[in-house]
Amino acid sequence: MYSDEELLKYLKMLTWDTTLTEHDLLKLLKSGQDEVNHNDLNTLYIKILNWFSWHKVRRIIPHDKLKEALADTIIRGLFPRPLRDKYRYVRSLL
């Protein structure tokens, strides 16, 4: 996993179309499921999977949340379609 400083650098790339800051996104990423807005968290997972390579995704998303990040609702939000198939395959390997 990346350090918080590295994570903030990557998360800042995802804030261009939202009012959330990279610090808000870091809190979303690190908090427990009961503490977050699920729509924001799902949107964050979709952005991470769409934007970064799988090797970076594995270092950005905490290991214990990878299966949550590869849920059907998240994968359906990915674009283009072949990316959905890629992450369905990745999920089957986990």
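Everything that follows concerns the structure shown earlier in this document.
Draft legend 1. Examining the environment of Tyr10 more closely. Here Tyr10 is to be found in helix α1 (residues 4-12). The class of Tyr10 is buried, set by a relative accessible area of 10%.

Draft legend 2. Broad picture of the nonpolar core. By size, the foremost hydrophobic cluster in this structure holds 30 residues, and its most contacted members are Leu29, Ile48 and Tyr87. Elements that contribute at least two residues to this core include exactly α1, α2 (22-30), α3 (38-51), α4 (54-60), α5 (66-69), α6 (72-75) and α7 (81-93). In contact with Tyr87, other than residues within four places in its own chain, are Leu49, Phe52, Ser53, Trp54, Val57, Leu70, Ile75 and Leu78.

Draft legend 3. A look at α3. When the terminal C-alpha atoms of α3 are compared, their 20 Å separation across 14 residues agrees well with the 20 Å that a helix rising 1.5 Å per residue should span. Within α3 the residues assigned to the buried category are Leu41, Leu44, Tyr45, Ile46, Lys47, Ile48 and Leu49. On its buried side, α3 packs onto α1, α2, α4, α5, α6 and α7.

Draft legend 4. Fine view of the side chain of Lys47. Mapped onto the fold, Lys47 is located in helix α3. Residue classification places Lys47 among the buried positions, given a relative accessible area of 18%. Here Lys47 is in contact with Leu14, Asp17 and Thr18, once residues within four sequence places are set aside.

Draft legend 5. Examining the pattern of salt bridges more closely. Within the structure shown, the criterion is met by 4 salt bridges. Asp4 is paired through a salt bridge with Lys30; the nearest N and O atoms lie 2.5 Å apart. Note that Asp4 is positioned in helix α1 and Lys30 in helix α2, a separation of 26 residues in sequence. Classification of Asp4 by relative accessible area gives partly exposed; the value is 33%. Arg88 serves as the salt-bridge partner of Asp85, at 3.4 Å between the closest nitrogen and oxygen. Of the two residues, Asp85 and Arg88 both sit in helix α7, 3 residues apart, roughly one turn of that helix.

Draft legend 6. Local environment of the packing of aromatic side chains. The tally for this structure, following the rule as stated, stands at 3 aromatic pairs. Considering the side-chain rings of Tyr2 and Tyr10, the 4.9 Å spacing of their centres and the 40° angle between planes classify their relative orientation as tilted. A relative accessible area of 10% places Tyr2 in the buried class. Through pairs of rings, three or more aromatic residues link up here, namely Tyr2, Tyr10 and Phe52.

Cut-offs and rules
- Residues numbered from 1 in each chain as written.
- Predicted model: local features only at pLDDT ≥ 70, side-chain atom pairs only at ≥ 80, totals over all residues.
- Heavy atoms only, no water.
- Helix = DSSP H or I, 4+ residues; strand = E, 2+ residues; numbered from the N terminus.
- Buried < 20%, exposed > 50% of the residue type's maximum accessible area, 1.4 Å probe, protein only.
- Core = buried A, V, L, I, M, F, W, Y, C linked by side-chain atoms within 4.5 Å.
- Contact = heavy atoms within 4.5 Å.
- Expected span 1.5 Å × (residues − 1).
- Salt bridge = Lys/Arg side-chain N within 4 Å of Asp/Glu carboxyl O.
- Phe/Tyr/Trp six-rings, centres within 6.5 Å; stacked < 30°, edge-to-face > 60°.

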